[in-house]
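# An overview of the molecular structure
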Amino acid sequence: MPVFNVFSDLIEPLGTGLQSDTRFAGLNIFYDRTEERIVPRENMPAINYFLETPWQDIARGSVGASLQTRRMYVTLGIGVWCYDAESAAALDAQLFAISGDVADFLREHTEFNTTLGIYLRHDVPMTFDMDYSTDDGGPVGTHRIGANFEIYSGLGR
């Protein structure tokens, strides 16, 4: 098994956690492998999550070969997508409510997996990006939250 398995140790559990959290019931939640990372309006409200680059692998050795712990920094982007044909104010209310719940979810899971040594980094704030466009006469809103994780090698393996 590789020292760092970002997909099975971080991406899959994050998706499972979001999908099982009652705050996100009724939302379309999925791992996004596309370059565009755009959610069609008919699938909103939605949360898509995706890997962002670059990764940083602090290659100072591994547990058996060095006294220094090898670390990897990985950022997952989490997009929140909403559509409201009636008003921009209703859209903002929904968008900020979901984004706030995502931020709370992440802060509740700062020790994402202590057995495998996966933690949400405290020193890098989550960022919120907003983009509004018109789609079929109604506003579409998005937020992007960058969740920065630190993974330590050799723990739990």
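Placed above this text is the structure.
One numbering rule holds for all chains: residues counted from 1, following each sequence as written. Residues qualify for local features only when their pLDDT is at least 70, as the model is predicted, and side-chain atom pairs are given and counted only at 80 or more; totals for whole chains, interfaces and linings, by contrast, use all residues. Side-chain metrics in this entry use all non-hydrogen atoms of the structure; hydrogen atoms and water are not considered.

### Thoughts on the nonpolar core
In these notes, a set of buried Ala, Val, Leu, Ile, Met, Phe, Trp, Tyr and Cys residues joined through side-chain atoms within 4.5 Å is what counts as a nonpolar core. Three exposure classes are used, based on accessible area relative to the maximum for each residue type with a 1.4 Å probe and protein chains only: buried under 20%, partly exposed in between, and exposed over 50%. In terms of nonpolar packing, the biggest core is built from 32 residues, with Leu10, Leu14, Ile47, Ile78, Val102, Leu106 and Phe149 touching the most fellow members. Going through the elements one at a time, α1 (6-20), β1 (28-31), β2 (46-58), β3 (71-83), α2 (88-108), β4 (118-120) and β6 (138-152) are the ones with two or more residues in this core. The next biggest cluster of nonpolar side chains, apart from the first, holds six residues, and it includes Met44, Ala46, Tyr83 and Val140. In this description a helix means any DSSP run of H or I spanning at least four residues, a strand means any run of E spanning at least two, and both kinds are numbered starting from the N terminus.

### Here's the deal with the packing of aromatic side chains
Think of it this way: a Phe, Tyr or Trp ring, Trp meaning its six-membered ring, pairs with another when their centres are within 6.5 Å, and the plane angle makes it stacked under 30 degrees, edge-to-face over 60, tilted otherwise. Counted under the stated rule, the structure contains five aromatic pairs. Seen in terms of ring centroids, Phe7 and Tyr31 are 6.1 Å apart; in terms of plane orientation they differ by 65 degrees. Their pairing is edge-to-face. Of this pair, Phe7 sits in helix α1 while Tyr31 sits in strand β1; the two residues are 24 residues apart in sequence, bridging distant segments of the chain. Sitting over the face of the ring of Tyr83, Arg41 holds its NZ or CZ atom 4.6 Å from the ring centroid. Criterion for a charge above a ring: Arg CZ or Lys NZ at most 6 Å from the ring centre, at most 35 degrees from the ring normal. A cation sits over an aromatic face here: Arg121 above Tyr73, 4.1 Å from the ring centre.

### Observations regarding the side chain of Asp32
Tracing the backbone through its elements, the reader meets Asp32 in the loop between β1 and β2. In this count, Lys and Arg are taken as positive residues and Asp and Glu as negative ones, while His and the chain termini are left out. Note on definitions: salt bridges are taken to be side-chain nitrogens of Lys or Arg within 4 Å of carboxyl oxygens of Asp or Glu. Of the side chains bearing the opposite charge, Arg37 lies closest to the buried Asp32, which forms no salt bridge; the N-O distance is 5.7 Å. Between N or O atoms, a polar contact is any pair within 3.5 Å; within protein, one atom must be a potential hydrogen donor and the other a potential acceptor, and residues adjacent in sequence are included only when both atoms are from side chains. In this structure the side chain of Asp32 is engaged in a polar contact, spanning 2.6 Å, whose partner is the side chain of Thr34. Within the local environment of Asp32, its side chain forms a polar contact with the side chain of Asn48, the two groups lying 2.8 Å apart. Contact definition: two residues touch when any of their heavy atoms are within 4.5 Å. Excluding residues within four positions of it along the chain, Asp32 makes contact with Arg37, Ile38, Asn48, Tyr49 and Phe50.

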